[in-house]
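Examining the three-dimensional arrangement
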Amino acid sequence: MSDNSNAIESVLTETRKFPPPAEFTKHAMISSEQQYEEMWNRAKDDPAGFWGDIAQNELDWFQMYDSVMEGDMPETKWFTGGKINASYNCLDRHLLTWRKNKAAIIWEGEPGDTRTLTYQQLHHEVCKFASVLDKLGIEAGDRVTLYMPMVPELAIAMLACARVGATHSIIFGGFSADAIRDRNNDAQSKLVITADGGWRRGKEIPLKATVDDALADGKSPSVEKVVVVRRTGGDVSMEDGRDLWWHDLMEDAVADRECTHLDSEHPLFILYTSGSTGKPKGVLHTTAGYLLGTMMTSRWVFDFKDEDTYWCTADIGWITGHSYIVYGPLANGVTTMMYEGAPNWPDEGRFWDIVEKHKVNTFYTAPTAIRAFIKWGDNWPQQHDLSSLRLLGTVGEPINPEAWMWYHKTIGAEKCPIVDTWWQTETGGIMLSPLPGVTATKPGSCTKPLPGVVPAIVSEQGEPLEANQGGLLVMTQPWPHMLRTLYGDHDRFIETYFSKFDGKYYFAGDGARRDEDGYYWVMGRVDDVINVSGHRLSTMEVESALVSHESVAEAAVVGFPHDLKGEGICCFVIPKGEIATGDALEAAQKELIAHVRQQIGALATPDQIRFTAALPKTRSGKIMRRLLRDIAAGRESAGDTTTLEDYSVLASLRESDEG
Ligand code: WT7
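Please read these numbers as outputs of a predicted model, since none were measured by experiment.

Now for the overall build of the protein. Check the secondary structure of the protein and you find 22 helices and 30 strands. Projected onto its principal axes, the C-alpha positions of the protein cover 75 × 65 × 55 Å. Across the protein, contacts joining residues at least 24 apart in sequence account for 71% of those joining residues at least 6 apart. When the accessible surface of the protein is totalled, it reaches about 24,400 Å², and 48% of it is carbon and sulfur. On the protein, the mean spot of the 64 positive side-chain charges and the mean spot of the 94 negative ones are 2 Å from each other.

In structure tokens, the structure reads:
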């Protein structure tokens, strides 16, 4: 189990409870415990009836489906026989209503430039770019890689892909050329869409140059063309016959591209995420179920009002941005904010400046960001008028109760409910969360399952556990927005999520407990996945990056509690030669840090490189990670044994512990 002992200690003793403010409940869409329980029970007992009613009323279909759900988990198919398009549901249908001239996206660039796209304008751009995709020979089912900054063109490109049925694969801008190459090859992408660069803390992130590197020397052979958005105006080299400017292509494009009628189960997107082995997993989501799930979960959890300005601060390169910046809000016809840059540029008040300027009502961010705000001081939020805020949300990792309290007091002025939302790339949408007008919140708990979600806490053997017993979090019933497969590797999909409990349950990979009130407390990952600033990283991925360096004989990577990031990355490295000292040691550490950044990307930057002559192992050769985690966390409890060599001995003594 992940070793965030401080966090676990504090949530175990947490007893504070905050009922939803009466004023909020009065206007909330779901406003009573009874209403929630009726929905939840119906969804559990009659999922086909529950989701079928919603799908009929809330989605626009070109052809109605034959059956709501077919087959048992993990092979459940949803809304089979139906024809639908996500782009139609996010755009076209709103043009038939008063929302036509409502802001769909309010965008703010890091340098302070802003753009607002109404539903009509966004539709226009999406239709144009969809016809560009046609011209480039992109067909339904083809894969398209997006490596872009947080600019409106990213949302336009996603919705244009959805319009023609191309499956988008978005790669977060913090990933390296090697990571792009691997993802291009795994998905067999035909097209890459990128930008010259993006702004981050006043500096230009060179996106196009990184794509060039990923494509050089035939490294991504499936890629035929590259479309480049001009954002920063920086120098880029354009390869003849391969690279095309977005604005040139759009100049001649006509905005008459209708939506392709796609099967409900047509692949909408692939999003790569880290698993417990080195190779990233291509999580595949399909059209109708995902769209329905993100639309309804965002409506329930964020209690959308038509007049809302809603801001999710995530990057669209992660699932949070896919589901809760783009698809969920737009399917609901809500105004969604998009911000390009860093929270501390030009100063640490930037987010609060945006909240004040755009009168943001709902603000959804991550615990790691909240911890940074706390560190920067109350002065920054206090300089701004945050009275427009009505609802606050958090996602990505367990929130420590003190950060929760700060958020509640300093940002929410004790009047905004906080929704702590637990979910995953694989679940597509929020699974466990308070309903802001209903659920009394407890700091550190993501509270209860949404309608349609039937979780359980079970032992390693799959037996249900009693209240307050720590165990594994599983889902016992399928839901419409769950992943359908890992792209190109269905066996790994079954193995990763369903083999632990013989196909009976979806295994999330998290440890959790349920308290006496039925509230869930998620403790963190139980596999070799660490959560760095709300981003999932496999320790094995970092290990493979390290051992690919010529100077490294062996490496073991573990997470350790980190004040800002949640977990930091600690690397134990056995070098091929002698362990360096002094300046040479520092140089060797820097070299390896740079190497990992090059192999994976800046998001995997190690916090510590510790050279060692040995690693503690069991007799069968398994690295004893628990000991390494203790050392990395500074928990050197076993007497005076402080060096790794000592632990090595300890390890062989404790061998049976590790199993
Ligand atoms: C893992 C999923 C889903 C959006 C962002 C991360 C952890 C996520 C919470 C929360 C406790 C959380 C879990 C989960 N996690 N939200 N509210 N409380 N833990 O997506 O990269 O797929 O990571 O993030 O460990 O398994 P992801």
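Let us keep going from here.
Another aspect to go through is helix α13 (residues 350–358). Along α13, the positions that sit buried rather than exposed are Arg350, Phe351, Trp352, Ile354, Val355 and His358. Two residues or fewer after α13 comes Lys359, characterised by a positive phi angle close to 50°.

The subject of this paragraph is the sheet that holds strand β5 (residues 114–118). Ordered by their spatial adjacency, seven strands build an open sheet running β5-β4-β17-β16-β18-β19-β20, and the pairing between neighbours is mixed. The open sheet terminates on both sides in strands that have one partner only, identified here as β5 and β20 (418–421). Mean inter-strand twist for the sheet, computed between neighbouring axes without regard to direction, equals 20°. Pairing of strand β19 (residues 391–395) with β20 involves four bridges; the strand directions are parallel. From the neighbouring strand, Leu392 faces β20, where its bridge partner is Ile418. Strands β16 (309–312), β18 (362–365), β19 and β20 of the sheet are contacted by helix α11 (residues 287–302), whose axis makes an angle of about 145° with β20. Contacts from helix α16 (residues 401–411) reach β18, β19 and β20, with the element oriented near 155° to β19.

The environment of the ligand is made up of 17 residues, and the closest members are Asp420, Thr421, Thr425, Asp510 and Arg536. A distance of 2.8 Å separates a nitrogen atom of the ligand from a polar atom in the backbone of Thr421. Between an oxygen atom of the ligand and a side-chain N or O atom of Gln424, the distance comes to 2.9 Å. Calculation on the ligand without its partners gives an accessible area of 550 Å², and the protein chains cover 95% of this total. A breakdown of the residues in the shell around the ligand according to their chemical character gives six nonpolar, six polar and five charged.

Within the element layout of this structure, Arg242 appears in the loop between β11 (225–229) and β12 (243–245). At 2.6 Å, the side chain of Arg242 forms a polar contact with the side chain of Asp243. The contact partners of Arg242, leaving out residues within four places of it in the chain, are Lys208, Asp212, Leu215, Glu224, Lys225 and Val226.

By size, the foremost hydrophobic cluster in this structure holds 156 residues, and its most contacted members are Phe79, Leu122, Phe129, Ile193, Phe302, Tyr327 and Leu546. It is helix α7 (residues 152–164) that contributes the most residues to this core, 10 residues altogether. Excluding its chain neighbours within four sequence positions, the residues that come into contact with Ile193 are Phe129, Val144, Thr145, Leu146, Tyr147, Met148, Ala157, Val227 and Trp246.

Before going further, it helps to examine the packing of aromatic side chains. Considering all chains together, one arrives at 40 aromatic pairs under this definition. Here Phe172 and Trp318 contribute two aromatic rings whose centre-to-centre distance is 4.7 Å and whose plane-to-plane angle is 35°, an arrangement assigned as tilted. With Phe172 in the loop between β7 (167–170) and α8 (177–187) and Trp318 in the loop between β16 and α12 (319–331), this pair connects stretches of sequence that are 146 residues apart. Take Phe172 and Trp318: they sit in the same class, and that class is buried. Where Phe175 meets Trp318, the ring centres are 6.1 Å apart and the plane angle is 55°; that geometry is what we call tilted. A residue pair is termed long-range when its members are at least 10 positions apart, and Phe175 in the loop between β7 and α8 and Trp318 in the loop between β16 and α12 qualify at 143 residues. With relative accessibility at 10%, the residue Phe175 sits in the buried group. Judged by its relative accessible area of 17%, Trp318 falls in the buried class. Of the aromatic side chains, those joined through ring pairs into one cluster are Trp311, Tyr339, Phe351, Trp352, Phe363, Phe373, Trp376 and Trp406. The residue whose ring lies beneath Arg183 is Phe175, and the NZ or CZ to ring-centre distance is 4.5 Å.

Turning to the packing of helix α5 (residues 86–95) against α7, a few remarks are in order. It is at 7 Å that the axes of α5 and α7 come closest, and there the two elements cross at 120°. In the packing of α5 onto α7, the handedness of the crossing is left-handed. Here Ala86, Ser87, Cys90, Leu91 and Asp92 of α5 lie close against α7, whose contacting residues are Leu159, Ala162 and Arg163. Here the contact of α5 with α7 is built from residues that sort into five nonpolar, one polar and two charged.

Criteria and cut-off values
- Residues numbered from 1 in each chain as written.
- Predicted model: local features only at pLDDT ≥ 70, side-chain atom pairs only at ≥ 80, totals over all residues.
- Heavy atoms only, no water.
- Helix = DSSP H or I, 4+ residues; strand = E, 2+ residues; numbered from the N terminus.
- Contact = heavy atoms within 4.5 Å.
- Areas by Shrake-Rupley, 256 points an atom, 1.4 Å probe, with all protein chains shown as cover.
- Lys, Arg positive; Asp, Glu negative; His and termini not counted.
- Charge placed at Lys NZ, Arg CZ, Asp CG, Glu CD.
- Buried < 20%, exposed > 50% of the residue type's maximum accessible area, 1.4 Å probe, protein only.
- Pairing = 2+ DSSP bridges.
- Axes fitted to C-alpha atoms, helices over the stretch in contact; angles between N-to-C directions.
- Near = heavy atom within 4 Å.
- Polar contact = N/O pair within 3.5 Å; in protein donor to acceptor, adjacent residues only side chain to side chain.
- Nonpolar A, V, L, I, M, F, W, Y, C, P; charged D, E, K, R; others polar.
- Core = buried A, V, L, I, M, F, W, Y, C linked by side-chain atoms within 4.5 Å.
- Phe/Tyr/Trp six-rings, centres within 6.5 Å; stacked < 30°, edge-to-face > 60°.
- Lys NZ or Arg CZ within 6 Å of the ring centre and 35° of its normal.
- Left-handed = near helix turned anticlockwise from the far one by under 90°.

By themselves, these are just geometric observations and shouldn't be taken as functional.
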